[in-house]
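One-letter residues, chain by chain:
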Amino acid sequence: MLAMDYRGPYRVRTTDKPMPRVEHPRDAIVRVTRSCICGSDLHLYHGMVPDTRVGMTFGHEFCGVIEEVGAEVENLKAGDTVLVPFNIACGQCHFCRQGLYGNCHEANPAATAVGGIYGYSHTAGGYDGGQAEYVRVPYADVGPVKIPDWMDADDAVLLTDVVPTGYQAAEMAGIQRGDTVVIFGAGPIGIMAARCAWLFGAGRVIVFDHLDYRLDFVRQYGPAEVYNFREVDDVVVFMKKTTDGLGADVAIDAVGGDAKGNALHTLFGVKLKAEAGSAIALHWAINSVKKGGIVSIVGVYGPTGNMVPIGNVLNKGLTIRANQASVKRLLPRLIEHVREGRIDPKAMITHRVPLEEVADAYHLFAAKLDGCIKPVLIPNGGR
Amino acid sequence: MAVPARRPAAPNRIVPAEVLGWGVDAEPDNDPTWPMRDRAGDPGPHWPRPALQRTEVKILQSIEYARRPAVFGTAVPPRGLSGVVRRAAFRWSESSWLHWLLLMGADRVNVIEGVADDLAKARIPNIPAEMGARAEWAHNRGGLFRKIAVAGAAAAVIAAAIRRRRV
Ligand SMILES: NC(=O)c1ccc[n+]([C@@H]2O[C@H](COP(=O)([O-])OP(=O)(O)OC[C@H]3O[C@@H](n4cnc5c(N)ncnc54)[C@H](O)[C@@H]3O)[C@@H](O)[C@H]2O)c1
Ligand SMILES: [Zn+2]
Ligand SMILES: [Zn+2]
């Protein structure tokens, strides 16, 4: 079968790989019909995630058709059309039972701190991902959700990660009616966080990025007040000024370790990898939220550590909340939101690319060319 | 609030329910992890485990685990020099910098191994294509020319330096 094949930083291609097999009685094999590239994949693509092995297939946002199920999978059968949450979760451990599906203890031998994620290096379990014609789906009786008849496959594939992550970013921010919410990053995750902040009753939603085309998009889609951080002198002072000198009630980091805007962090975090990615967006989030406020982090960083102003977290009495999204927990509500038209996921898709052209799709998305917001890879000609 | 069920505590372990004032202000809605954690169904540290996946593949495991997780990926087992380094890395915990630095080092070695693998199969990797040169050509031609110019200038400087040393 055809699959994306990682060759090293900034280098990917497609390769003919053996078909995945059922390796556990609760596995399923899914024939992929759509598979997105995510900002999280860019951390892998840039060589920032430890234990990313050459020959690995990425891809954690996919939907498709069940091809085969293991002996213990009773709720799905061959032919079912499913969307597959990006977390691999057993559904019965200490963490899954508390709804922490992004933190399962039975899916990743390499790291206790990280759950199992499809196609996300060996640090997230060593699973080949869904940027391929077929993919192994463990614990298939827990994660996958049958796509309702009325739902567009383009909406379904964004429910595997982007929508739940944006929603959880807003949820963790503990937004109260009337709160001012500042969001760093106008990628798919920041855009969705802006949309969802309103659902929780935000009073003001402000988004920072440096890509005007993305700011233009979220200005409409959120809607949101948008600012280009390269055009303001000091993001933190700017935020104070626009909030009567106090700061936002909550701040959301939807950027993660590939953040731009600070030469020192770029040098240490991205070039030298002496910290676990550039943490400048998180730095801004901590410093632009008001005392007693909440910082919600969904932007992804590596496992070692980052230079962030933790003393300010202390002095300001901030609450930091963060996680990989617990997709399975959130799906029922989010499917309702899509049905009711409160969230329109597929509007974010700007590029549809055959799997064969994976190298160009990665470069396009990583370098933010051609107005790219969300690219979808189409294996099997979309069948 | 219910007292969490527990096995007999170690002799010097404090029993929360016996501490003065324990839980008087407990209020689930004030839990800063709400609504991420729903403690109602928490089975504690001993849950009925899934069937254990079997494999012939070498799985590297964090020493922070009490036991191997039931399910895991079997993609790309460790091999070659990078594999040796990866195995060594797992002598240290996730809390150790060395653990991650060794893994990152192994990743870099692995890239060279990847090129060697290609060459061994008589395949010369088309690195510009793997880096998305076609998208760059279509959407960022100026950037492409700049990169080629920078690479060309760097090559010229190196060539000049080598020539000078020969003289
Ligand atoms: N926690 C989760 O479950 C989860 C799930 C999916 C993605 N993520 C993470 O969310 C982050 C965003 O993902 P995405 O798909 O939207 O990626 P993306 O790369 O498309 O978007 C990131 C955006 O941030 C902007 N940006 C860069 N530096 C910035 C700064 N200093 N301030 C403000 N904006 C800045 C970029 O220009 C870009 O538009 C990534 O780190 C990704 O790994 C987390
Ligand atoms: Zn993702
Ligand atoms: Zn679990």
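The structure displayed is predicted, hence computed values, not measured ones.

Residues and elements named next belong to chain B. Every buried residue belonging to helix α1 (residues 80–89) is among S82, G83, R86 and A89, and all of these are buried. Buried residues in α1, looked at end-on, bunch into an arc of 120 degrees, giving them a common side. Residues of α1 that are exposed and angled more than 90 degrees away from the buried face: L81 and V84. The inward-facing, buried residues of α1 contact α2 (97–120).

It is worth spelling out the state of the cysteines at this point. Residue and element names in this part refer to chain A. As enumerated under the stated definition, the model contains 0 disulfides over all chains in all. Left unpaired, C36 is separated from the closest cysteine sulfur, that of C63, by 7.9 Å. A residue is classified by how much of its surface remains accessible, and C36, at 0% relative accessible area, is buried. What makes C63 buried here is its relative accessible area of 1%.

For the rest of this paragraph, the subject is the coordination of the zinc ion (ligand 2). Residue and element names in this part refer to chain A. Protein-derived coordination of the zinc ion (ligand 2) comes from C38 (SG), H60 (NE2), E61 (OE) and D161 (OD), at a distance range of 1.9 to 2.3 Å. Around the zinc ion (ligand 2) sit 4 donor atoms, and with donor-metal-donor angles ranging over 91 to 137 degrees the site reads as irregular. Going along the chain, you hit the donors of the zinc ion (ligand 2) in the pattern C-x21-H-E-x99-D.

In this section: the side chain of T165 of chain A. All names here are of chain A. Here T165 is to be found in helix α3 (residues 162–172). A residue is classified by how much of its surface remains accessible, and T165, at 7% relative accessible area, is buried. Look past the residues within four positions of T165 in its chain and what remains in contact with it is F86, I189, V298 and A325.

The next thing to look at is helix α7 (residues 263–271) of chain A. Residues and elements named next belong to chain A. Buried within α7 we find H265, G269 and V270. For α7, the buried positions fall inside an angular range of 80 degrees around the axis, keeping them on one side. Set apart from the buried face of α7 by more than 90 degrees, the exposed residues are A263 and K271. On its buried side, α7 packs onto α8 (280–288). Capping of α7 at its N-terminal end is provided by N262; its side-chain oxygen lies 3.1 Å from the backbone amide nitrogen of L264.

The UniProt entry lists residues 25–145 of chain A under the feature "domain: Alcohol dehydrogenase-like N-terminal" (unreviewed entry), expressed in the numbering used here. The annotated region residues 25–145 of chain A carries 6% helix and 25% strand content, and the separation between its end C-alpha atoms amounts to 18 Å.

Moving on to the nonpolar core. Residues and elements named next belong to chain A. Ranked by size, the top nonpolar core spans 86 residues in total, and within it L159, I183 and V207 carry the most contacts. At 7 residues, the largest contribution of residues to this core is made by helix α4 (residues 188–199). When we break this core down by domain, the ones giving at least three residues each are domain 1 (2–161 + 326–382) and domain 2 (166–322). Contact partners of I183, with chain neighbours within four places excluded, come to G190, A193, A194, V205, I206, V207, F208, I252 and A254. Within the second largest apolar cluster, 29 residues are counted, among which are F62, V73, V84 and Y127.

Turning to the coordination of the zinc ion (ligand 3), a few remarks are in order. Residue and element names in this part refer to chain A. Those protein atoms acting as donors to the zinc ion (ligand 3) are C90 (SG), C93 (SG), C96 (SG) and C104 (SG), and they sit at 2.3 to 2.5 Å. Coordination at the zinc ion (ligand 3) is tetrahedral: its 4 donor atoms span angles of 101 to 117 degrees at the metal. Between consecutive donor residues of the zinc ion (ligand 3), the sequence gaps follow C-x2-C-x2-C-x7-C. With C93 in the loop between β6 (87–88) and β7 (116–117) and C104 in the loop between β6 and β7, the pair connects residues that are 11 residues apart, well separated along the chain. Here C93 matches C104 in class, with each residue buried.

Once that is clear, we can look at the sheet that holds strand β12 (residues 225–228) of chain A. In any sheet, the strands associate via hydrogen bonds between backbone groups, in a parallel or an antiparallel arrangement. Residues and elements named next belong to chain A. In space, the 6 strands of this open sheet follow the order β12-β11-β10-β13-β14-β15, with parallel pairing throughout. Both edges of this open sheet fall to β12 and β15 (319–322), since each of them pairs with a single strand only. On average, each strand axis in the sheet is inclined to that of its neighbour by 20 degrees, with strand direction left out of account. In this sheet, strand β14 (residues 289–297) lies alongside strand β13 (residues 248–253) in parallel orientation, the contact comprising 5 bridges. The residue of β14 that forms the bridge with I252 is S296. Sheet contacts for α4: β10 (180–184), β11 (204–209) and β13; angle to β11, the most-contacted strand, approximately 175 degrees. Together, β11 and β12 form the strand contacts of helix α5 (residues 212–221), whose direction differs from that of β12 by roughly 170 degrees.

Thresholds applied
Residues numbered from 1 in each chain as written. Chains lettered and ligands numbered in written order. Predicted model: local features only at pLDDT ≥ 70, side-chain atom pairs only at ≥ 80, totals over all residues. Heavy atoms only, no water. Buried < 20%, exposed > 50% of the residue type's maximum accessible area, 1.4 Å probe, protein only. Helix = DSSP H or I, 4+ residues; strand = E, 2+ residues; numbered from the N terminus. Arc of directions from axis to C-beta. Contact = heavy atoms within 4.5 Å. Disulfide = S-S within 2.5 Å. Donors = N, O, S within 2.8 Å, 3.2 Å for Na, K, Ca; no water. Tetrahedral: all angles 85-135°; square planar, octahedral: opposite > 155°, others 65-115°. Polar contact = N/O pair within 3.5 Å; in protein donor to acceptor, adjacent residues only side chain to side chain. UniProt positions renumbered as here; feature names shortened; annotations may be inferred. Core = buried A, V, L, I, M, F, W, Y, C linked by side-chain atoms within 4.5 Å. Domains from an automatic or database assignment. Pairing = 2+ DSSP bridges. Axes fitted to C-alpha atoms, helices over the stretch in contact; angles between N-to-C directions.

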